Amino acid sequence: MLRPEYPIRTERLTLRPFTAGDFDDLHAMTGDPEVVRYLYWEVHTPQETRAALDRRIAQGELTQEGQWLTLAIVPDGVPRVVGQVVLKWASIKHQQGELGFTLNPEFYGRGYAREAAEAMLRLGFEGLGLHRIYAACDTRNSASWGLLTRLGLRREAHFVEDELFKGEFGDQYIYAMLDREWRALQSTSST
Ligand SMILES: CC(C)(COP(=O)(O)OP(=O)(O)OC[C@H]1O[C@@H](n2cnc3c(N)ncnc32)[C@H](O)[C@@H]1OP(=O)(O)O)[C@@H](O)C(=O)NCCC(=O)NCCS
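The shown structure was predicted, so the numbers you read here are calculated from the model rather than taken from an experiment.

From N to C terminus, the protein includes six helices and eight strands. Going from the N terminus to the C terminus, the protein shows its helices and strands as β-β-α-α-α-β-β-β-α-β-α-β-β-α. Relative to the compact-globule value of 16 Å for 191 residues, the protein shows a C-alpha radius of gyration of 16 Å, a close match. Once the C-alpha set of the protein is aligned to its principal axes, its extents read approximately 45 × 40 × 35 Å.

Generally speaking, soluble globular proteins have nonpolar side chains that are buried together. Judged by nonpolar contacts, the single largest core of 39 residues is most densely connected at L99 and L121. Broken down by secondary-structure element, the contributors of at least two residues to this core are strand 2 (13–17), strand 3 (68–75), strand 4 (83–91), strand 5 (96–103), helix 4 (112–127), strand 6 (132–138), helix 5 (142–151) and strand 8 (168–178). Residue contributions to this core peak at nine residues, all from helix 4. Among residues more than four places away in sequence, those in contact with L99 are V85, V86, A117, M120, L121, I133, Y134, A135, L148 and L151. Counting nine residues, the second largest nonpolar core, distinct from the first, contains F18, F23, M29 and V35.

The subject of this paragraph is the packing of aromatic side chains. Tallied over the entire structure, the rule returns four aromatic pairs. Ring centres 5.8 Å apart and planes at 25 degrees place the aromatic pair F125 and W182 in the stacked group. Of this pair, F125 sits in helix 4 while W182 sits in helix 6 (residues 179–189), placing them 57 residues apart in sequence. Each member of the pair, F125 together with W182, is buried. With 5.9 Å between their ring centres and 85 degrees between their planes, W145 and Y173 make a pair best called edge-to-face. Of the two residues, W145 sits in helix 5 while Y173 sits in strand 8, which places them 28 residues apart along the sequence. Among the aromatic residues, ring-to-ring pairing joins W145, Y173 and Y175 into one connected group. The ring of Y173 has R155 sitting right over it, with the charged end atom 3.6 Å from the ring centre.

Let us look at the UniProt feature "domain: N-acetyltransferase" (unreviewed entry) in the protein. As recorded in UniProt, the sites labelled "domain: N-acetyltransferase" (unreviewed entry) are residues 13–180. Annotation note: span residues 13–180, helix share 31%, strand share 36%, distance between end C-alpha atoms 26 Å.

The ligand sits among 20 residues. The nearest are F101, L103, G109, A113 and R150. The separation between an oxygen atom of the ligand and a polar main-chain atom of G111 is 3.1 Å. Contacts to the ligand include R150, whose side-chain N or O atom sits 2.8 Å from an oxygen atom. Summarising the interface, the protein chains cover 68% of the accessible area of the ligand, which totals 960 Å² for the free molecule. For the ligand, the cavity whose grid points lie within 2 Å of the majority of its atoms is the largest pocket. Listed by contribution, the elements that provide at least two residues to the shell around the ligand are strand 5, helix 4, strand 6 and helix 5. Sort the elements by how many residues they give to the shell around the ligand and helix 5 lands first, with four residues. Residues that form the shell around the ligand fall into these classes: 11 nonpolar, five polar and four charged.

It is worth spelling out the side chain of T70 at this point. With respect to the helices and strands, T70 occurs in strand 3. Judged by relative accessible area, which is 3%, T70 ranks as buried. Side chain to side chain, T70 and Q59 meet in a polar contact 2.7 Å long. Non-local contacts of T70, meaning those with residues more than four positions away in its chain, are made with P17, F18, R56, Q59, Q84, V85 and V86.

Conventions used here
Residues numbered from 1 in each chain as written. Predicted model: local features only at pLDDT ≥ 70, side-chain atom pairs only at ≥ 80, totals over all residues. Heavy atoms only, no water. Helix = DSSP H or I, 4+ residues; strand = E, 2+ residues; numbered from the N terminus. Rg over C-alpha atoms; globule rule 2.2 N^0.38 Å. Core = buried A, V, L, I, M, F, W, Y, C linked by side-chain atoms within 4.5 Å. Buried < 20%, exposed > 50% of the residue type's maximum accessible area, 1.4 Å probe, protein only. Contact = heavy atoms within 4.5 Å. Phe/Tyr/Trp six-rings, centres within 6.5 Å; stacked < 30°, edge-to-face > 60°. Lys NZ or Arg CZ within 6 Å of the ring centre and 35° of its normal. UniProt positions renumbered as here; feature names shortened; annotations may be inferred. Near = heavy atom within 4 Å. Polar contact = N/O pair within 3.5 Å; in protein donor to acceptor, adjacent residues only side chain to side chain. Areas by Shrake-Rupley, 256 points an atom, 1.4 Å probe, with all protein chains shown as cover. 1 Å grid on protein atoms, 1.4 Å probe; cavity = no way out; pocket = protein on both sides within 12 Å on 5 of 7 lines; lining within 4 Å. Sits in = over half its atoms within 2 Å of the grid points. Nonpolar A, V, L, I, M, F, W, Y, C, P; charged D, E, K, R; others polar.

Rendered as structure tokens:
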């Protein structure tokens, strides 16, 4: 079970659950073809974004397997949500979680996704007690797997044409980190 105290602070960011006032900022991402290019869904209509926002507002805690924790990313000095970071409680029995992230393209290239994703890894390993956190991405999504590499996840698998993705068979990478790898990273970064 994970019920974080909000807001969560990192060096330059506030992470918090989505609220009803975040519609425009969420739609700036869900309505952008560049953002959804390697995501499973197509560009959202405003109605679809409204439904997605309603789901996200309720995703501020993990109480059951299969749930997603979804947090809005708000940088210091920026009066809007610039991205989201997610952690799925994938398996209680196997202590597994799944990580994901999305930024508004106006805010790419500033390290915000990395900073937010690190906070989610901390919540997963130290808050929820997970043993392994993994992420899946399209092999063409170098921004995503570049970030996973910078975070310290290992490339564990390359699935070849394992999914029919937006009309064609696509390849996927699986990246992962174990709790002991997380602890080792923390001890090297604090020395
Ligand atoms: C995946 C995604 C979140 C990566 O965003 P990003 O901004 O490249 O990632 P980071 O937060 O790690 O930022 C890294 C960049 O910021 C730069 N940077 C600038 N200041 C920085 C700082 N203070 N700290 C760290 N990096 C910094 C880095 O040098 C790097 O630049 P580079 O890409 O030119 O090498 C983004 O491309 C995205 O939202 N894509 C669409 C959605 C998507 O596909 N999600 C993944 C699904 S699997």
